[in-house]
Amino acid sequence: MKSLKQLAVSTAALGVALGLSFAAQAEMMIGFSQIGSESGWRTSETASIKAEAEKRGIDLKFSDAQQKQENQIKAVRSFIAQGVDGILLAPVVETGWDQVLQEAKDAGIPVVLVDRGVAADESLYLTKVASDFVVEGALAAAWLAAETNGVCDVVELQGTVGSSAANDRKEGFESVVGNFPGINIIRSQSGDFTRSGGKEVMESFLKAEDGGKNICAVYAHNDDMALGAVQAIKEAGLNPGDDILIVSIDAVPDIFKAMADGDTNATIELNPHLGGPSFDAIAAAKEGKEVPKWIKANGPLYLPDTAAEEYKMRSK
Ligand code: AHR
């Protein structure tokens, strides 16, 4: 099973060697339109990007969209009006960005997509600093297929409807389980990437599936929903991690605690430290340097064997 870790691209790929000094960046004013704070991972990402800006002396204008695309569009327009040097945009959903991205481009302001992608022409943004969500979904499915010898009725807790994270994690998972006729996704619904959403949807799955007797595994698009599912499964009188296997994505500290306690079985790391490569990309563009269109940040799959140790390190 450990060899699955080798399938994931090293997070070291995140450190793009663009050859820029922090001194050149200290003059920059950058706008950051964040989605909200729906999950533990999102909170870490916000903290990491703010800390990275501070370390580099960047004047970061932060805007929390409270999960609403219209708030993000307003924020981007306000950053354009302020004449920022660049914009970091974590797009809540994939579609509906063309107009505002065009406005930023017309103003000569580079936009970096952080964490999630958009369905827009790539000439409208500078780069995307993000994991390959399709690979994450495929990795989760590969783990499940190996663990269950290719026979399992799975319920899926999807992320936010219309987000690239949910769309691509679903696609990646299905692309692998499609090769196993004994693996069926028997129920699939959005829990909106929140712990409460995961719990609520899992409760309805358990009710619909004879108290959970028909469910072999949960595939949760993020750890928070998996942790909500753990609670729902316990309240239904079953043992999560044993009666029902659980695989999820993010690798937040709480999931390592759950894995160490035997409540969940695997997680795939989503690196939250996306500020450094994003700021480097904007600085590089300002200097007329070539920036790749996708700076990938995929992480490995973790199993219970290292969970206690990982929890200790990550919860400091
Ligand atoms: O876009 C990444 C996803 O968004 C994370 O997996 C999830 O926790 C967050 O809300």
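Residues numbered from 1 in each chain as written. Predicted model: local features only at pLDDT ≥ 70, side-chain atom pairs only at ≥ 80, totals over all residues. Heavy atoms only, no water.

**Q** Looking at this structure, how should I read the state of the cysteines?
**A** Working definition of a disulfide: a covalent bond connecting the sulfur atoms of two cysteines. As enumerated under the stated definition, the model contains one disulfide in all. Covalently, Cys152 is tied to Cys216 through a disulfide, its sulfur atoms 2.1 Å apart. Judged by the sign of its S-S torsion, about -105°, the bond between Cys152 and Cys216 is left-handed. Placement of the pair is Cys152 in strand β6 (residues 152-158) and Cys216 in the loop between α7 (195-208) and β8 (217-220), with a sequence separation of 64 residues. Residue Cys216 is classed as partly exposed on the basis of its relative accessible area, which comes to 22%. (Disulfide = S-S within 2.5 Å. Helix = DSSP H or I, 4+ residues; strand = E, 2+ residues; numbered from the N terminus. Buried < 20%, exposed > 50% of the residue type's maximum accessible area, 1.4 Å probe, protein only.)

**Q** Got a minute to help me understand the site of the ligand in this structure?
**A** Inspection of the region around the ligand gives 13 residues, with Glu38, Asp115, Arg116, Arg169 and Asp250 positioned closest. At 2.9 Å from an oxygen atom of the ligand is found a side-chain nitrogen or oxygen belonging to Ser39. A distance of 2.7 Å separates an oxygen atom of the ligand from a polar side-chain atom of Arg116. Of the pockets mapped on this structure, the ligand occupies the largest cavity. Among the elements of the structure, α2 (40-56) and α6 (164-177) are those that each provide at least two residues to the shell around the ligand. Here the residues of the shell around the ligand are counted per class, giving five nonpolar, two polar and six charged. (Near = heavy atom within 4 Å. Polar contact = N/O pair within 3.5 Å; in protein donor to acceptor, adjacent residues only side chain to side chain. 1 Å grid on protein atoms, 1.4 Å probe; cavity = no way out; pocket = protein on both sides within 12 Å on 5 of 7 lines; lining within 4 Å. Sits in = over half its atoms within 2 Å of the grid points. Nonpolar A, V, L, I, M, F, W, Y, C, P; charged D, E, K, R; others polar.)

**Q** In this structure, what is going on with the pattern of salt bridges? I would like to understand it.
**A** Where charged atoms of side chains with opposite charge meet at close range, the side chains can pair. Taken as a whole, this structure holds 26 salt bridges when the rule is applied. A salt bridge links Asp254 to Arg195; its shortest N-O distance comes to 3.0 Å. In this pair, Asp254 is assigned in helix α9 (residues 253-260) and Arg195 in helix α7, connecting sequence segments 59 residues apart. The exposure class assigned to Asp254 is partly exposed, which follows from its relative accessible area of 37%. Among the residues examined, Arg195 registers a relative accessible area of 32% and is labelled partly exposed. (Salt bridge = Lys/Arg side-chain N within 4 Å of Asp/Glu carboxyl O.)

**Q** Where do I start with the sheet that holds strand β11 (residues 294-296) in this structure?
**A** Pairing is parallel in the open sheet, where six strands are placed in the order β2-β1-β3-β4-β5-β11. Of all the strands in the sheet, the pair left with one neighbour each is β2 (59-64) and β11. Strand-to-strand twist of the sheet, defined as the mean angle between neighbouring strand axes without regard to direction, takes the value 20°. Relative to strand β4 (residues 111-114), strand β3 (residues 86-89) is paired through three bridges, and the arrangement is parallel. Looking across to β4, one finds that Leu88 is bridged to Val112. (Pairing = 2+ DSSP bridges. Axes fitted to C-alpha atoms, helices over the stretch in contact; angles between N-to-C directions.)

**Q** Can you walk me through the sheet that holds strand β12 (residues 298-302) in this structure?
**A** For sheets, the rule is that strands pair by backbone hydrogen bonds, running either parallel or antiparallel. In space, the six strands of this open sheet follow the order β7-β6-β8-β9-β10-β12, with mixed pairing throughout. Lying at the two open borders of the sheet, with one neighbouring strand each, are β7 (183-190) and β12. Strand-to-strand twist in this sheet, taken as the mean axis angle between neighbours without regard to direction, amounts to 15°. Direction of pairing for strand β9 (residues 245-250) relative to strand β10 (residues 266-270): parallel, over a ladder of four bridges. The residue bridging Ser248 from the neighbouring strand is Thr267, located in β10. On top of the sheet, α6 reaches β6, β7, β8, β9 and β10; it is set at about 170° to β7, its chief contact. (Contact = heavy atoms within 4.5 Å.)

**Q** Help me out: how do you make sense of the side chain of Asn271 in this one?
**A** Relative to the helices and strands, Asn271 resides in the loop between β10 and α10 (275-286). Within polar-contact distance, the side chain of Asn271 engages the backbone nitrogen of His273 at 2.7 Å.

**Q** Looking at this model, I keep getting lost on the packing of aromatic side chains. Mind explaining?
**A** How two aromatic rings sit relative to each other is set out by the distance from centre to centre and by the angle between their planes. Per the counting criterion, the structure on display carries three aromatic pairs. Ring geometry for Phe173 and Tyr219: centres 3.9 Å apart, planes at 10°, overall stacked. Here Phe173, found in helix α6, pairs with Tyr219, found in strand β8; they are 46 residues apart in sequence, far enough to count as distant. Classification of Phe173 as buried rests on a relative accessible area of 0%. Residue class for Tyr219 comes out buried when judged on its relative accessible area of 0%. (Phe/Tyr/Trp six-rings, centres within 6.5 Å; stacked < 30°, edge-to-face > 60°.)

**Q** I would appreciate a short explanation of the UniProt feature "domain: Periplasmic binding protein" (unreviewed entry) in the protein chain in the present structure.
**A** The sites that carry the UniProt feature "domain: Periplasmic binding protein" (unreviewed entry) are, in the present numbering, residues 30-276. For the annotated span residues 30-276, helix accounts for 43% and strand for 21% of the residues, and the straight-line distance between the end C-alpha atoms is 13 Å. (UniProt positions renumbered as here; feature names shortened; annotations may be inferred.)

**Q** Can you walk me through empty space enclosed by the protein in this structure?
**A** Where empty space is left can be seen by rolling a probe of water-molecule size over the atoms. Per the counting criterion, the structure on display carries one cavity of 30 Å³ or more. Approximately 80 Å³ is the volume found for the largest cavity. Considering the residues around the largest cavity, the lining is formed by 13 residues, among which Trp41, Arg42, Arg116, Arg169 and Phe193 are closest to the centre. Counting residues per element, the ones that place at least two in the lining of the largest cavity are α2 and α6. Of the residues that constitute the lining of the largest cavity, the class distribution is five nonpolar, two polar and six charged. (Points joined across faces, edges and corners; volume = space filled by probe spheres on them.)

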